[in-house]
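Results of the structural survey
Each chain is listed here by its residues.
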Amino acid sequence: MFSRAKWGLVCFGVAPWLMLGLTARDDPAKWTGEQWSKWRDGQISQIFDPTFELADGKGLLRQDVVEKCGKAQSFLAPLLADPGFLKDPERSKALTNFVRFTSSLDRLNRQSSDSFQSNALGMDISDPEYFAEAGPYVQFPPLLKSQAFLKAMSDPATYRKATDMIAEENLRLPTSRRWVVFPFRAQFIPSVDGSTYGRMLVLVPNELLPDGRILDRWLMFAIATPDMVTPPDIRSVSLIATVRDPKKPGVSDGYFADYMRNPDSNSSDITLDPTFTVRPSPSKTCYDCHKTAVLPIHPKYGLKFTEDARIVRDNLASAIPLRVDEKIALYGKTNFRHLEPDSFGPPIGQSGRVRTDRFFADSTNVPSDSFPKLRAAMNCTSCHDGWFSVNSWLALRSDQEERSFESKQGLLQTYIEQGLMPPGNRLNPDERHALWQALTKEYCDLKTGKGTFVDWLRGG
Ligand code: HEC
Ligand code: HEC
């Protein structure tokens, strides 16, 4: 590190002209690429200091990382104000990725004039500005915002009535535009209001917009689960809209929003309030988990609303509507519009890297005859490249695993250990666990401060 005190010591015994020269060099605006590299490396070891105790080792405390990225950005801000600053090739190599990553996280430090977090979604515009832009796409269809429907959805005894209304609406729609309804018990995260793992997904597909593009809306109502004797106050609904242009296949726009269903204080009505009006916002950066706009559903089990007003478990195999997964395949690469996926790091599990037996012996506990299988499975980017890379925060070990997920395991670990990724693999349970260990260690080993993620931050 280049501390002023150290330079001061050096300066005292030397000629004044040299001293002047050194003072000038101590001015960050005049630092060489090498000095910037040293500064950056010092920052990286501070930012990625694992201060959180996970069950099996140390992890990052996300809020800490966000704050430290804020400090790095404050230091850089006056320099970055000069558009030429990163034009210098050496400086650009040393700093570009570091600047992209830290500035993306630093958005979470921004505050509105009333001192609340203003960019909780992690976009480069504030949440209200984002909502103003996404608003036309993330509106509820008339039936789903009608008082009759919202009231039916406010009591588990009348969920069935609500789905009957949708069935009736479907009779009026051509087959391709019929809505899909899928109630399930989620295995990953509770609803945004923290009340439940119950969800009712309503997919409103294939609406033709006036400009010829096609809008799909995915609404997830938080609902009660069969085990709840007295259901808690359940209010949230999350919504993702995708818009695709049939003339430009392989890419679509994704828009995100969370809403609360609140009782209106002046009437018996229920109002739909976007969380952008809630202080502090309960919504999180959707991109942390949604690497493409819409994620496939992997429920713990399906749910069914019976005629006699009960919620019961449903047979999963018959319950997951095929149309849901087929849709996702159509979307291709998501354009998040106000968030640049590549600034969150390189993809985990890059194909074509050399991985020695030594590496597997150091990072896993499986016998050496499993190494070739692990090696073959670490080719995630053969699919996850270009259209969606699995990067931070899914790929970093952090408190988010314990805070967000019911299993206290992150989404990446669950996907790998349940055998979902890589698709069609024949690894045994120990090997799956080992695969996840090897992947996360290769990406960012918090003990040694090394990994492909760190190399990327350092401009590699
Ligand atoms: C901590 C991880 C995580 C975060 C953060 C997150 N989601 Fe999700 N979301 C999931 C998972 C996992 C699913 C898939 C459903 C399942 O299997 O439980 C999902 C599904 C959904 C769905 C149903 C459609 C689909 O993609 O399957 C909607 C709508 C949704 N999320 C909205 C949001 C919005 C809006 C945000 C941000 C404000 C957000 N989510 C943030 C994990 C997350
Ligand atoms: C053959 C192509 C293929 C390979 C190889 C592959 N994936 Fe996937 N992955 C997919 C597809 C398609 C999806 C989305 C649909 C799904 O989840 O089933 C996905 C989804 C995911 C998700 C959820 C994404 C999100 O936004 O939260 C994770 C995590 C993931 N994969 C991790 C991995 C890892 C880690 C590897 C390597 C060990 C891997 N995948 C290898 C095709 C692949």
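Look up a bit, the structure's there.
Our subject in this report is the structure included herewith. (Residues numbered from 1 in each chain as written. Chains lettered and ligands numbered in written order. Predicted model: local features only at pLDDT ≥ 70, side-chain atom pairs only at ≥ 80, totals over all residues. Heavy atoms only, no water.)

Regarding the overall build of the chain
The criterion, for reference: Numbering of helices and strands runs from the N terminus; a helix is a DSSP stretch of H or I covering at least four residues, while a strand is a stretch of E covering at least two. Atoms counted for the radius of gyration: C-alpha only. Globule rule: 2.2 Å times residue count to the power 0.38. Under the scheme applied here, a residue whose accessible area is under 20% of the maximum for its type counts as buried, over 50% as exposed, and between as partly exposed, the area being computed with a 1.4 Å probe on protein chains only. The contact definition used throughout considers only heavy atoms, calling two residues in contact when any of these lie within 4.5 Å. Surface exposure here means Shrake-Rupley accessible area, sampled with a 1.4 Å probe, where a residue is shielded only by the protein chains that are shown. Charge assignment: positive for Lys and Arg, negative for Asp and Glu; neither His nor the chain ends contribute. Every charge is mapped onto a representative atom, which is NZ of Lys, CZ of Arg, CG of Asp or CD of Glu.
The helix and strand inventory of the chain stands at 17 helices and 11 strands. Whereas a compact globule of 460 residues would reach a radius of gyration of roughly 23 Å, the chain reaches 25 Å, a difference of no more than 12%. Its C-alpha atoms give the chain principal-axis dimensions of about 90 × 60 × 50 Å. Within the chain, the proportion of its 460 residues that are buried is 51%. Restricting the contact set of the chain to residue pairs at least 6 apart, pairs at least 24 apart contribute 64%. As displayed, the chain has an accessible area near 22,100 Å², and 55% of this comes from carbon and sulfur atoms. Side-chain charges of the chain comprise 57 positive and 56 negative groups, with the mean position of each set lying 2 Å from the other.

Examining the site of ligand 1
Convention followed: A cutoff of 4 Å decides nearness: a residue is near a molecule or strand if any of its heavy atoms lies inside that distance of it. Pairs of N or O atoms are called polar contacts if they sit within 3.5 Å, as long as, within protein, a hydrogen donor faces a hydrogen acceptor (for residues adjacent in sequence, only side-chain-to-side-chain pairs). In this classification, the charged set is Asp, Glu, Lys and Arg, the nonpolar set is Ala, Val, Leu, Ile, Met, Phe, Trp, Tyr, Cys and Pro, and all remaining amino acids, among them Gly, are polar.
The environment of ligand 1 is formed by 26 residues, the closest being Cys286, Cys289, His290, Leu295 and His298. A distance of 2.9 Å separates a nitrogen atom of ligand 1 from a polar atom in the side chain of His290. Between ligand 1 and Leu295 there is a distance of 2.5 Å, counted from an oxygen atom to a backbone nitrogen or oxygen. Secondary-structure elements contributing two or more residues to the shell around ligand 1 are strand S5 (214-223), strand S6 (236-244) and strand S7 (251-263). Here the shell around ligand 1 is composed, by residue class, of 20 nonpolar, four polar and two charged.

Focus on the coordination of the iron atom of ligand 2
Where we set the bar: Only nitrogen, oxygen and sulfur atoms qualify as donors, provided they sit within 2.8 Å of the metal or within 3.2 Å for Na, K and Ca; with water excluded from the atoms, sites may seem incomplete. Four donors are marked tetrahedral only if all angles between them lie between 85 and 135 degrees, whereas four are marked square planar and six octahedral if opposite donors are more than 155 degrees apart and the other angles lie between 65 and 115; the remainder are marked irregular.
The iron atom of ligand 2 binds to the protein through His384 (NE2) and Met421 (SD), with metal-donor distances spanning 2.0 to 2.1 Å. For the iron atom of ligand 2, the six donor atoms in the first shell make angles of 88 to 178° at the metal, so the coordination geometry reads as octahedral. Placement of the pair is His384 in the loop between helix H13 (371-377) and helix H14 (399-404) and Met421 in the loop between helix H15 (411-417) and helix H16 (429-443), with a sequence separation of 37 residues. Judged by its relative accessible area of 29%, Met421 falls in the partly exposed class.

Concerning the pattern of salt bridges
Quick reminder of the rule: Any Lys or Arg side-chain nitrogen found within 4 Å of a carboxyl oxygen on Asp or Glu counts as a salt bridge.
A complete count under the given rule lists 31 salt bridges for this structure. For the salt bridge of Arg40 with Asp41, the shortest nitrogen-to-oxygen distance reads 2.9 Å. Using a relative accessible area of 25% as the deciding quantity, one classes Asp41 as partly exposed. Between Glu401 and Arg397 there is a salt bridge; the shortest N-O distance is 3.0 Å. Each of the two residues, Glu401 as well as Arg397, counts as buried. A network of salt bridges, in which partner residues are shared, links Glu133, Asp211, Arg213, Asp253 and Arg337.

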